[in-house]
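Results of the structural survey
These are the residues of each chain, in order.
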Amino acid sequence: MRRSDPLQPLSRQHHIALVFAKTLRQWGRLDPAPEPGEKRAVAEAAHRFWEVELVPHFRAEEEGLLGRWQRPGTDPLATRVLQEHVGIHRVAQRLGRHLRGADLDAAWEEALRLGQCVNAHVRFEERTWLPQLEAEMEAELLAEAEAGIGHALDPEAAEAVLPPRPDPERLVEDN
């Protein structure tokens with residue numbers, strides 16, 4: 001679905017987040033399984049992606065869109081957006097703790113979980129939340145939102161911290 005002009009930058013960032021999630025999903029389907037050095041590099045990259053891309057992205061959505069949306073604070077869609085942001089934040093915090101504590105297996109599991117959570121969240125926002133915003137927000141509010149979120153969305157910075165892609169020869173097919 002094509003987004004309104006003010007929300008297109010956000011959708012482009014969502015595309016990068018889906019690439020992130022797909023890359024992590026692929027790392028989880030390797031045969032043979034990733035070596036410890038690969039696991040560490042991918043987990044560290046996943047944590048960097050969260051810091052560089054997801055933290056400012058969530059802040060921009062919360063301040064730029066949720067803050068302008070004329071829905072009560074108890075609205076189920078707004079509540080879900082915020083709850084999922086908090087959930088992803090918690091996964092990323094656990095990932096960081098495991099990396100600092102040198103618990104590579106736990107860090108690896110959290111990195112894969114982060115990819116799953118980001119995938120589900122982006123799909124919810126693109127399929128449900130953003131269409132609802134477009135239907136309900138006036139053009140001026142969407143334009144204000146674009147100005148408010150545009151500074152936080154940097155596709156080049158996001159792409160620069162994506163985890164490395166796995167060797168396609170090692171991928172096990174999905175059934």
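Definitions and limits used
- Residues numbered from 1 in each chain as written.
- Predicted model: local features only at pLDDT ≥ 70, side-chain atom pairs only at ≥ 80, totals over all residues.
- Heavy atoms only, no water.
- pLDDT = per-residue confidence, 0-100.
- Helix = DSSP H or I, 4+ residues; strand = E, 2+ residues; numbered from the N terminus.
- Salt bridge = Lys/Arg side-chain N within 4 Å of Asp/Glu carboxyl O.
- Buried < 20%, exposed > 50% of the residue type's maximum accessible area, 1.4 Å probe, protein only.
- 1 Å grid on protein atoms, 1.4 Å probe; cavity = no way out; pocket = protein on both sides within 12 Å on 5 of 7 lines; lining within 4 Å.
- Points joined across faces, edges and corners; volume = space filled by probe spheres on them.
- Nonpolar A, V, L, I, M, F, W, Y, C, P; charged D, E, K, R; others polar.

1. Digging into the confidence of the model for the protein
Looking at the protein as a whole, the pLDDT averages 91, with 97% of positions reaching at least 70. The secondary-structure element of the protein with the lowest mean pLDDT is helix 5 (residues 139-150), recorded at 80, while helix 3 (residues 76-100) shows the highest, at 97.

2. Re the pattern of salt bridges
Taken as a whole and assessed by the stated rule, the structure comprises 10 salt bridges. Among the ionic pairs, glutamate 144 bridges to arginine 68, the shortest N-O distance being 3.4 Å. Of the two residues, glutamate 144 is situated in helix 5 and arginine 68 in the loop between helix 2 (36-66) and helix 3; the sequence distance between them amounts to 76 residues. Assessed through its relative accessible area of 22%, arginine 68 is described here as partly exposed. The salt bridge involving arginine 94 is made with glutamate 110; its shortest N-O contact spans 3.1 Å. Taken together, the positions of arginine 94 in helix 3 and glutamate 110 in helix 4 (residues 104-136) put the pair 16 residues apart, joining distant regions of the chain. On the accessibility criterion, arginine 94 (28% relative accessible area) is partly exposed. Each of Arg3, Glu126 and Glu134 takes part in salt bridges that share partners, so that together they form one network.

3. Brief notes about empty space enclosed by the protein
To find leftover empty space, a probe the size of one water molecule is rolled over the atoms. In total, this model carries 1 cavity of 30 Å³ or more according to the counting rule given. Its volume calculated, the largest cavity comes out at about 50 Å³. Around the largest cavity sit Gln13, His14, Ala17, Glu53, Leu54, His57, Phe58, Ile88, Val118, His121, Val122 and Glu125, which together line it. For the lining of the largest cavity, the secondary structure elements donating two or more residues are helix 1 (8-27), helix 2 and helix 4. Within the lining of the largest cavity, the residues separate by chemical class into 6 nonpolar, 4 polar and 2 charged.

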